[in-house]
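The primary structure of each chain is shown beneath.
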Amino acid sequence: MIHSLFLINASGDIFLEKHWKSVVSRSVCDYFFEAQERATEPENVPPVIPTPHHYLISVLRHRIYFVAVIQSEVPPLFVIEFLHRVVDTFQDYFGVCTEAAIKDNVVVVYELLEEMLDNGFPLATESNILKELIKPPTILRTMVNTITGSTNVGEQLPTGQLSVVPWRRTGVKYTNNEAYFDVVEEIDAIIDKSGSTITAEIQGVIDACVKLTGMPDLTLSFMNPRLLDDVSFHPCVRFKRWEAERILSFIPPDGNFRLLSYHVSSQNLVAIPVYVKHNITFREGSSQGRFDLTLGPKQTMGKAVESVLVSSQLPRGVLNTNLNPSQGTYTFDPVTKLLTWDVGKINPQKLPSLKGTMSLQAGASKPDENPTINIQFKIQQMAISGLKVNRLDMYGEKYKPFKGIKYMTKAGKFQVRT
Amino acid sequence: MSASSAFNDEKGGSSSVGEPEYGHDPASGGIFSSDYKRHDDLKEMLDSNKDSLKLEAMKRIVAMIARGKNASDLFPAVVKNVACKNIEVKKLVYVYLVRYAEEQQDLALLSISTFQRGLKDPNQLIRASALRVLSSIRVTIIVPIMMLAIKEAASDMSPYVRKTAAHAIPKLYSLDPEQKDQLIEVIEKLLADKTTLVAGSVVMAFEEVCPERIDLIHKNYRKLCNLLIDVEEWGQVVIINMLTRYARTQFLNPNINESLLEEGGSGEKTFYGSDDEEDEDEEEKEKKAETAAMAKRKPYVMDPDHRLLLRNTKPLLQSRNAAVVMAVAQLYFHLAPKAEVGVIAKALVRLLRSHSEVQYVVLQNVATMTIKRRGMFEPYLKSFYIRSTDPTQIKVLKLEVLTNLANETNISTILREFQTYIKSMDKDFVAATIQAIGRCATNIGEVRDTCLNGLVQLLSNRDELVVAESVVVIKKLLQMQPEKHSDIIKHMAKLTDNIQVPMARASILWLIGEYCEHVPKIAPDVLRKMAKSFTNEEDIVKLQIINLAAKLYLTNSKQTKLLTQYVLNLAKYDQNYDIRDRARFIRQLIVPTEKSGALSKYAKKLFLALKPAPVLESPFKDRDHFQLGSLSHLLNAKAGGYQELPDWPEAAPDPSVRNVEVPEWTKCSSREKRKEKKVEKPFYSDSEGESGPTESADSESDSGSGSESASGSEVSASGSESEESEEGSESEEEEQKDKKKTKKELKKPVQESESEQSSEEEERKHARKSKISKSESESESDEEDESESESSESESEDSESEAEVKKKKKAAESKPPCKPVKKENKKEKKEISLLDLDDFDPTPSPQVTPVNSFLSSSLVTDLEGLSLSDSVLAPATMAPSSALKSYELLHRITGEGLQVEFCFSRQPFSPDANMVAVQMHFTNNASADAKSLHMEDVKLQSGMRVREFPEIELLPAGETATAVMGIDFCDSTQAANFQLCTQTRKFFVSIQPPVGELMRPVFLTENEFKKEQGQLMGMNEITEKLTLDATCRNEHTIVQRVTAAANLSRVPCGSDKECSPPVPPPDHPVYRFAGRTVTSGSLVLVTVVTREEGAAQLTVNCEKMVIGTMLVKDILLALTQ
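Residues numbered from 1 in each chain as written. Chains lettered and ligands numbered in written order. Predicted model: local features only at pLDDT ≥ 70, side-chain atom pairs only at ≥ 80, totals over all residues. Heavy atoms only, no water.

Some words on the overall build of chain A
Link 1 in the chain: If you tally the helices and strands in chain A, you get 7 helices and 23 strands.
Link 2 in the chain: The proportion of buried residues among the 418 residues of chain A is 59%.
Link 3 in the chain: In chain A, the proportion of contacts linking residues at least 24 apart, taken out of those at least 6 apart, comes to 68%. (Helix = DSSP H or I, 4+ residues; strand = E, 2+ residues; numbered from the N terminus. Buried < 20%, exposed > 50% of the residue type's maximum accessible area, 1.4 Å probe, protein only. Contact = heavy atoms within 4.5 Å.)

Here's what the structure looks like:
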């Protein structure tokens, strides 16, 4: 299916290539570069590009294009999903997925790619199996390896691939047995000019970090499972049990993984935790514009709104800004016209505001568009949908694990139109 | 570094020469050393005998390959290391080999023998990796070798190797398509494989090699459906896509009734005028569809197999893998009855949160779906609203979806949304929005005027692109009712002075020409202006100027004759031949001359014919003839290797082809039973209401029968139990079971019950321990007594069992064979009475009466062995020498005085050989008598059976009683749940067997044992290292503990003592045990190899892998305690 893979950096260098079938010349990437030139923004390069003999399917992550070359019919999502899995694996292994990290670990990267695909068909994509095959590089191990000449390749042959639970390593041992679950919810919303909500929905995930000895069998139940409108599971979750009892029952993978992601649909009323008062105006004939923004909390159930960051793409006509934040710092990039204001925590007694003027190009007519304002924030210890974990039980092992559950609400794609 | 990367900027250039870019390669030695020299030192490193140097060299070579640099001249040096011991070097050599073998075919052959050796390795993973590399080497000469290897691997015992074989098939096929027929045979064979591991890979091979051989699927269809949920995610995608095609050829269209209606509707659709009715129609249809589905369903009955496919794929909509979700969505779109397609909408909307590439593909597919089935996505309208941060290509696709979803109920909200989009800074997107407004206006009559007004307002927009796009769209709209809107035309005519975008200018000119009778005054003036600027216009505008001139000449020749001729003359000398041609052609038509009189008569008809308004339709219309989710669909062009989605057949082909007769691989009766059930299944599963339990049970038994690895334990509702039982030792399980039960029953806050529980547990543990130790000591002493009294040749202290054996041998020699059997029986009886609980009452229960079949048979073989060779020592026939553990079934507190314990008596259960005998021991601690003790309401996993114990009429207070029941656990450790009833009370109890009780001992000689073991390698072998407990290092204890943990018999180790007498490795003896599982009779072989200082290795070989794994755990526990 997947013939070859090329990694291309932001400046257009092919810095890694890997072929699973016969070698495809890198000149095939010329078609990609053509498309890249045509696209104004990096993210506008079409994911699928047909060429006379091949098809190029690419994803853009961390400013690196991962371009897969395929020759015949294959579901495009299959390739895209796989490429994302590759990036996730790199990130998992090297902490970051940058050009430098990949170049530094080129051998590990090659070994990983070799194991992940066989003749272009995915073979081992579970990170637990891969880690058994190829140990992730750590500083300590690199040092030991250079001294002793030992390797990153697992000495033992992995048995994970053969087991009934391919996602879990065998023979896991910990002295501290702990299981942490993070319920993270993101609010996607569009707020219109007058402050009313056009659309709002909640996307939640439960990320787990499970470090338990042996083969634990966990069950997680919710106080209000009915909230979960649409869910997708890690393969370890027993679907039938969920269908029947609304209980998550699973043998967890070792380490970090995403147990579940869910969606609370726009049909439900979604509480919007912040409001924005804005007054952004340009006057005809004047080279000045007014900018006035105030943020305030609402519906936060007494929790503090933290790490607030406001960003806005100002119209092209704006030359510079002269603004005065009541708290935090703001920056304006005159080239990209991007305004960012790092607010920090919202103090309900003294609402943060950003006021001042924008200077416009002299003589130019007033921009007819108003910028949209993107807001990021975090609220600790609260899941905005009201989802609550009821209890977590472990079967199959004797010890008592340490269990922890954390809730957090974040802004996802939170936009205010002005 | 930065300089060099800039140097590399010429994209895609083959940059192998002198690229000084090794900055990040820690291994790059000298930047300035020449290519030649650099390779020289690599060669030296590869030739050295230090692994670390070799590794370093290989790493540098791989780094070169990764950058696309040529390293082929190192081939001879690298290929030498193919047999290197260091595993990482080996892997890197493989990487190199696969990359360059094609270029250096002759040298590559040197490595082949290594892989051939690897193919024979006892370790399945090594076999698999050898096959993987061998098949990846693209050297034509080795095609026969590959073919052979694939064939062999296809019948390998290990599913993992078979999977690798499936992967190798397309590789060989691409190398040599001649082999197709042979490969199809292999595919056919692998398709019949029943493990989930293989399923995905073989279907992939099928799709690449012989997608047209749909007939190969028939027999495997139901199996694939049932296995689907357990297959790994990538395999799921391939299987679902294939099954979609399969279903299209085999089943009838479930929407057959609706599609008739649809055709009636679509006839109207082509006429733009009737949108209103059409939309009503659409909704009506939706309603009708449902009622029709109810009413008209009668003639159409969905094939149960069709239903099976739909039902088994539905849970996969919850997959985390977008490709799987998409695959299921397209399956539903193409195969499901209209009323059911809706389920996929939610999942697809969920995918919109994913990466932008995923969004892109999903939106393309949603766009196609919304045209056919608008209602499905209507509730999710708001999820398609556009954010300013979306990439343009996503915005445009969302717009497409929104437009498709628009109808007169939601059009106002959609238009309001569109209004904000028009103010966006992204002009491409604005242009697309204007187009979308135009389409809404054509489709929904009510808003046409509103839209038109809005668009006209945009004509005064400052941005030229916006204006131009509006002009184009207005032109299309005006064509529908030109007479109403002459003022708009006038307004647009004025715009020609300002608008520079060629397409817009051309559109205006066309409009004026077409409707010149509505603007008789302005039109000639426009032509005049255009004639002036003709030479500076774009080609497309020039053509329209000529057009305009021609039309005006025909309608208003007085005013425009000269202008027209001027324009035509200009065009005559234009650089573009299209324009020259057009000019010549038009001149001939409109200017009557002698030669061309015939045509000019019709000039008016030709130019001023009434033109139908354009239909503004989605570019996604009719894209659904491509299978959704496919590359071809995305590109709207057939991609190489695309398999057409066939149309539904008129009449369904014979469904019986999918019936599976008793297949060859069903060996034992229980499997046959399951098989039958499977065939039946689709019939009763037809009804919707029938969902969870049967299905789960079925799928479980189904996969379970194949291989344990595939067992649907994680799917089945009762999954947790089965999973659990795999984990722990018996005692743990017991505790958990109880814990769970009490939790369920009491439904009390947990802390309370837990504390209660723990105290109880403590108590019980204590009791059990003491019991065990007691009985152990008893048994030992007993044996010793016997050996002393009955045999004079008692040797060392660790030879009780041997003594016993010899005694038996003696008996066998001296007496006819029937006698020792009897004797054995007697002994057996005695042992039981002694080993069991002290207050055991030897009631005449079924387990004692029958002839001990396994013992007798083992004795017969024993005798045979004797007659054949003297060297073989008489078998140490097992005896359940250790204590029988007894388990609590009912505590006397919960049982209100009635206490029930049970133990596995390890006797064959006479009424049914496939059952495990369970001995129940009742004690009545209450003050009142218990009456009519019996069983009721037995709840079992599929395949399991129970034979109840005979009712106990009366159990007086303080008395005890025993009874024996038989349970066929079907070789699983699933619990048998039932109610224990007295006259007044009912107790829920369950019996869960430790895995060691699911087998019965068999007698094997050492040679037989080794032979059988040889056949149970690979997957079926589990090895574990352990350190024996200090107290457990002599033969006696080891044998005792193993036989206590599992009902096995010891295999005599003949050679140990007799053949090589003086130097037996007394400190490294090997103990072997053998047994068969009770239900299916699969062999269970256990080997304990001891080494110095208590180190030991435990190996279990068993066809049933789950049993094997659990047994290893149990024995390990028993030996290390």
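What about helix 17 (residues 322–335) of chain B?
Link 1 in the chain: In a regular helix each residue adds 1.5 Å, so 14 residues correspond to 20 Å; helix 17 of chain B covers 20 Å between its end C-alpha atoms and thus fits that length.
Link 2 in the chain: The residue sitting at the N-terminus of helix 17 of chain B and contributing the capping side-chain oxygen is N321(B); that oxygen lies 2.8 Å from the backbone nitrogen of A323(B). (Expected span 1.5 Å × (residues − 1). Polar contact = N/O pair within 3.5 Å; in protein donor to acceptor, adjacent residues only side chain to side chain.)

Thoughts on the interface of chain A and chain B
By convention, interface size is frequently given as the accessible area that disappears when the constituent parts associate.
Link 1 in the chain: Taken residue by residue, the interface counts 119 residues in chain A and 118 residues in chain B.
Link 2 in the chain: With both sides pooled, the region where chain A packs onto chain B buries about 10600 Å², and carbon together with sulfur makes up 55% of that total.
Link 3 in the chain: Linking R417(A) and E417(B) is a salt bridge whose minimum nitrogen-to-oxygen distance equals 2.8 Å.
Link 4 in the chain: Where chain A touches chain B, the interface holds 37 residue pairs in polar contact (both at pLDDT 80 or more).
Link 5 in the chain: When residues of the side of chain A that touches chain B are assigned to their parent elements, the largest contribution, 8 residues, is made by helix 2 (residues 76–94) of chain A.
Link 6 in the chain: Grouping the amino acids of the side of chain A that touches chain B by side-chain chemistry returns 52 nonpolar, 29 polar and 38 charged. (Buried area = accessible area lost by both parts, 1.4 Å probe. Salt bridge = Lys/Arg side-chain N within 4 Å of Asp/Glu carboxyl O. Nonpolar A, V, L, I, M, F, W, Y, C, P; charged D, E, K, R; others polar.)

Description of the pairing of strand 9 (residues 197–211) of chain A
All names here are of chain A.
Link 1 in the chain: Burial analysis of strand 9 places 12 of its 15 residues in the buried class, which makes it a mostly covered element.
Link 2 in the chain: Strand direction decides the pairing type here: strand 8 (residues 178–191) and strand 9, joined by 14 bridges, are antiparallel. If you follow A179 over to strand 9, its bridge partner there is V210.
Link 3 in the chain: Linking strand 8 to strand 9, which pair antiparallel, is a turn of 5 residues; within it G195 sits at a positive phi near 95°.
Link 4 in the chain: Alignment of strand 9 against strand 13 (residues 255–264), held across 9 bridges, turns out to be antiparallel. In the sheet register, V210 faces strand 13, and the bridge partner there is G255. (Pairing = 2+ DSSP bridges.)

Quick word on unusual backbone geometry
Link 1 in the chain: The phi dihedral of N119(A) is positive, around 55°, even though this residue is not glycine.
Link 2 in the chain: Along the polypeptide, N119(A) turns up in the loop between strand 6 (117–118) and strand 7 (121–122).

Some words on the sheet that holds strand 2 (residues 898–908) of chain B
All names here are of chain B.
Link 1 in the chain: In space, the 5 strands of this open sheet follow the order 1-2-3-7-5, with antiparallel pairing throughout. Pairing within the sheet leaves two strands with one partner each, and these edge strands are strand 1 (886–890) and strand 5 (945–947). For this sheet the average axis-to-axis angle between neighbouring strands, irrespective of direction, equals 30°.
Link 2 in the chain: By the bridge criterion, 4 bridges tie strand 1 to strand 2 in an arrangement that is antiparallel. The partner of Y887 across the bridge, within strand 2, is F902. (Axes fitted to C-alpha atoms, helices over the stretch in contact; angles between N-to-C directions.)

Concerning the packing of helix 22 (residues 392–405) of chain B against helix 24 (residues 427–443) of chain B
Residues and elements named next belong to chain B.
Link 1 in the chain: Following both chains from N to C, one finds helix 22 and helix 24 inclined at 10°, their axes separated by 10 Å at the closest point. On the basis of their axis angle, the class for helix 22 and helix 24 is roughly parallel. Together, T392, K395, V396, L399, E400, T403 and N404 of helix 22 and D428, F429, A432, T433, A436, R439 and C440 of helix 24 make up the contact between the two elements. (Parallel < 35°, antiparallel > 145°, perpendicular 65-115°, else oblique.)

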